[in-house]
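Structure at a glance
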Amino acid sequence: MSDTDLPNDGGIKLVMAIIRPDKLADVKTALAEVGAPSLTVTNVSGRGSQPAKKSQWRGEEYTVDLHQKVKVECIVADIPAEDVANAIADAAHTGEKGDGKVFILPVEEAVQVRTGKTGRDAV
């Protein structure tokens with residue numbers, strides 16, 4: 001089997017998404033359904049097209065323009081990265097501003113710490 005017959009052209013891909021925190025459970029389920037249950041989740045804050053919110057605290061008005069989000073990272077070799085990205089996008093979709101973004105990036109190398117395996121074998 002040549003590299004072109006393998007998913008991701010034989011390479012390793014990082015699928016990274018910034019999503020709403022309340023959609024994380026749906027995304028985890030969707031990833032398991034496409035065969036990509038391994039993921040890393042980080043709480044992050046940021047801004048994009050979602051509008052800022054004005055609030056008051058102790059009589060002072062302030063603007064919240066950094067919104068709480070969740071970053072989901074999934075490394076894949078044997079599963080097409082596009083399938084993983086589509087699963088995340090479908091599960092995270094609400095149709096409102098602030099739904100997030102999904103990125104697919106190449107991974108140069110991978111090393112499994114426990115075994116020392118490298119490349120696709122490490123994933």
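First, a word on what this report is: a plain description of the structure on this page. (Residues numbered from 1 in each chain as written. Predicted model: local features only at pLDDT ≥ 70, side-chain atom pairs only at ≥ 80, totals over all residues. Heavy atoms only, no water.)

What to know about the overall build of the chain
Of the regular secondary structure elements, the chain holds two helices and six strands. Element order for the chain, N to C, with α for helix and β for strand: β-α-β-β-β-β-α-β. Each principal axis of the C-alpha distribution contributes one length, and for the chain these read about 65 × 30 × 20 Å. The 123 residues of the chain split such that 29% are buried. When contacts within the chain are restricted to residue pairs at least 6 apart in sequence, long-range pairs at least 24 apart make up 72% of them. Counting 15 positive and 19 negative side-chain charges, the chain places the averaged centre of each group 9 Å from the other. (Helix = DSSP H or I, 4+ residues; strand = E, 2+ residues; numbered from the N terminus. Buried < 20%, exposed > 50% of the residue type's maximum accessible area, 1.4 Å probe, protein only. Contact = heavy atoms within 4.5 Å. Lys, Arg positive; Asp, Glu negative; His and termini not counted. Charge placed at Lys NZ, Arg CZ, Asp CG, Glu CD.)

Digging into the side chain of asparagine 8
Residue position: asparagine 8 is located in the segment before β1 (12-19). Judged by its relative accessible area of 11%, asparagine 8 falls in the buried class. A polar contact is formed between the side chain of asparagine 8 and the backbone oxygen of isoleucine 79, at a distance of 3.0 Å. Non-local contacts of asparagine 8, meaning those with residues more than four positions away in its chain, are made with Lys13, Val76, Ala77, Ile79, Pro80, Ala81 and Glu82. (Polar contact = N/O pair within 3.5 Å; in protein donor to acceptor, adjacent residues only side chain to side chain.)

Considering helix α1 (residues 24-33)
Buried within α1 we find Leu24, Val27, Ala30 and Leu31. Down the axis of α1, the buried set is contained in an arc of 120 degrees. They therefore lie on one face. What points out from α1, more than 90 degrees from its buried face, is the exposed set Ala25 and Glu33. (Arc of directions from axis to C-beta.)

Concerning the nonpolar core
The biggest cluster of nonpolar side chains holds 20 residues, and the ones touching the most others in it are Ile19, Val76, Val84 and Ile88. The element contributing the most residues to this core is helix α2 (residues 81-92), with seven residues. Not counting residues within four places of it along the chain, the set of residues in contact with valine 84 comprises Val15, Leu31, Val34, Ala36, Cys74, Val76 and Ile79. (Core = buried A, V, L, I, M, F, W, Y, C linked by side-chain atoms within 4.5 Å.)

So, the pairing of strand β4 (residues 60-64)
Pairing analysis gives five bridges linking strand β3 (residues 53-57) to β4, with the strands arranged antiparallel. In the sheet register, tryptophan 57 faces β4, and the bridge partner there is glutamate 60. As consecutive antiparallel partners, β3 and β4 are separated by two residues, and within that stretch arginine 58 has a phi angle of approximately 55 degrees, a positive value. (Pairing = 2+ DSSP bridges.)

Some thoughts on the sheet that holds strand β5 (residues 67-76)
One open sheet holds the four strands; their spatial order is β2-β5-β1-β6, and the pairing between them is antiparallel. Every other strand in the sheet has two partners, leaving β2 (40-46) and β6 (100-107) as the edge strands with one partner each. Between one strand axis and the next, the sheet turns by 25 degrees as a mean value, whatever way the strands run. Relative to β6, β1 runs antiparallel, the two sharing eight bridges. (Axes fitted to C-alpha atoms, helices over the stretch in contact; angles between N-to-C directions.)

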